[in-house]
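Listed below are the residues making up each chain.
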Amino acid sequence: MHTVRLIALFLVLSFAVVSCKTAPPLEGSGSGWTAKKYIVHAGTILTGDGEKLSDQGIVVSDGRIVSIDAWTETRSANPELPVLDASGATVMPGLTDAHGHIEGLGQSLVTVSLVDTKSYEEVIDRIAARAARAKPGEWILGRGWDQNRWPDRSFPTAEALDRRVPNNPVWVARIDGHAGLANSAAMRAARVTAATPDPEGGRILRDGAGNPTGVFIDAAEGLINRVVPPATREERKRRIAAAAARIAAHGITEVHDAGVDDTTVILLRELTDEGRLPIRVYAMLGDDPALLERWFAAGPLIGYGDRVTVRAVKLYADGALGSRGAALLEPYSDEPDNSGLLLSSADHIRDVARRARQAGFQVNTHAIGDRGVRNVIDAYQAAGVQPADRFRIEHLQVMAFEDLPRLTSLGIIASMQPTHATSDMPWAERRVGPDRIRGAYAWRTILDAGGMIAFGSDFPVEQVNPWHGIHSAVTRRDFSGHPPGGWYPGQRLSITEAIQGFSSGAAYAAFEEDRRGTIAPGKDADLTITASDPTLSDPQDLFETKVLYTIVGGKIAYTQDRMIQDD
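These lines cover the structure that appears in this document, whether it is placed above or below. (Residues numbered from 1 in each chain as written. Predicted model: local features only at pLDDT ≥ 70, side-chain atom pairs only at ≥ 80, totals over all residues. Heavy atoms only, no water.)

Right, let's get into the packing of helix α10 (residues 346-359) against helix α11 (residues 370-382). The geometry of α10 relative to α11 is characterised by a closest axis approach of 8 Å and an angle of 40° between their N-to-C directions. Taken together, the axes of α10 and α11 lie oblique to each other. The crossing of α10 and α11 is right-handed. Here Ala-346, Ile-349, Arg-350 and Ala-353 of α10 come into contact with α11, specifically with Asn-375, Val-376, Ala-379, Tyr-380 and Ala-382. Split by residue class, the contact of α10 with α11 holds seven nonpolar, one polar and one charged. (Axes fitted to C-alpha atoms, helices over the stretch in contact; angles between N-to-C directions. Helix = DSSP H or I, 4+ residues; strand = E, 2+ residues; numbered from the N terminus. Parallel < 35°, antiparallel > 145°, perpendicular 65-115°, else oblique. Left-handed = near helix turned anticlockwise from the far one by under 90°. Contact = heavy atoms within 4.5 Å. Nonpolar A, V, L, I, M, F, W, Y, C, P; charged D, E, K, R; others polar.)

As a further point, take the pattern of salt bridges. Summed over all chains, the structure comprises 42 salt bridges. Asp-125 serves as the salt-bridge partner of Arg-164, at 2.9 Å between the closest nitrogen and oxygen. Placement of Arg-164 in helix α4 (residues 158-164) and of Asp-125 in helix α3 (residues 120-132) is noted, with a sequence separation of 39 residues between them. Overall, Asp-125 belongs to the partly exposed group, its relative accessible area being 40%. (Salt bridge = Lys/Arg side-chain N within 4 Å of Asp/Glu carboxyl O. Buried < 20%, exposed > 50% of the residue type's maximum accessible area, 1.4 Å probe, protein only.)

With that out of the way, let us pick up the sheet that holds strand β4 (residues 83-93). Strands sit in the order β3-β2-β1-β4-β20-β21-β22 across an open sheet of seven strands; the sheet is mixed. Each end of this open sheet is capped by a strand with a single partner; those strands are β3 (64-70) and β22 (555-559). With direction set aside, neighbouring strand axes in the sheet form an average angle of 35°. (Pairing = 2+ DSSP bridges.)

Moving on: the environment of Ala-379. One can find Ala-379 in helix α11. Judged by relative accessible area, Ala-379 falls into the buried class, the value being 2%. Between the C-alpha atom of Ala-379 and that of Val-172, which follows or precedes it by 207 residues, the distance is 33 Å. Those residues in contact with Ala-379 that lie beyond four places of it in its chain are Ala-346, Ile-349 and Arg-350.

Purely spatial values, then, with no claim about function.
Structure representation (structure tokens):
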């Protein structure tokens, strides 16, 4: 299955459109009404390259944009075509999330959500409520806690959780996925004791006597993960489908899925064949030797069913800043005996980068701390990476300024997530101090140096809604408007630059700029349509932008009235 390169024909799927008086009668999804050619009547078009057009007609045929012209001329030349009426709305290039986790989002929809919990007590309450409905011995899984949001910012321990949930094993991931909390039942199931050593690249938090407290960081999470019952194949497929529908509902036409295995690729292809994948997926293979050997021998998979592409590899250089696992050149300002964790050596990154280049694959490496970032740049340079390779650093949250020239000269793409800045700003400076923070979340610095940025959310770490990220990039403020002038406001972007990060920048980061990322004749009809023109909005209101339609390859994947694709 992975030994041939597959380039599939476009899927021709039925969709609903909104009529003007001269259009054919309309019927709902599943009624049999189909169209491969139609007109979008756009009140405003943001082309994605800085141009703004008014009262235009976009002719779409077989999933591509045929022409863009004044509405009256377009309608006069095509009187027979049905019309999607967006005359009071704004049409922009289909937004792309350049770093998300589709299956992780799907899992978050069916496990215990701990996002926005304001105390450890609230975390325990939610877990206990789920355990009350569970079978004896059933695992309770969840994600989303963040001790930095609690009155006591210390890591939680299993002791209090054990009192409420003593019999069901509990394993709940921190918001960033780089730490997890287990209760004693889960640690017993994993046979973790005081004698269990910290694995390389991981850390078990312990009490004064050396006993595990329940928190496992980075590679240490594997000690618990190995005994968690795996989801069935059908469960995984349902989760992917549900996540894809949720993603489309936020105006996203494509996701760069950061770390997949063979089964994920197979399920994505099956959903495509069944007409149940409403978005495009640009998949990054996980760092598994056997997996990479197979794919490097076979070569990339480009545009399967006009939906799925596999031509990238996801590596990990270090951990996360919130759990103090990000690798720093100097110790943490708030934990002077800790400089973070390296999850991969520079030699390993260099070796994979070299082999990936030879096989036609891109490498995208998670690096958050300045030491992790430097290791990746060193490794890419040693592997002979050139700008045409478009290798990426995912997150790139803290960077030493002296590494910026090499980042840009090697053409390394900064794949960043703006909401990380506004989520982390209450505590990030405590982690790295007032000097290093100036090289953190530094979008403007990178752009002004000639670097290329692609924006994403890292969902389910952050919310999947791209307008949250656009708001963060433009304002550097939270939803309440704090801080009034923006957090380190010199790094703010314009609304056009922020949207480009989620469109043309993301398309470039996936080698897709010839087909996506801007609105122009000949390009794919991947469009995001919003109720308002974001360039005219109060920047503080951007996170409330309402999506009316998501269109992927001419197919309406989402309308404000209903999902077109079945879960």
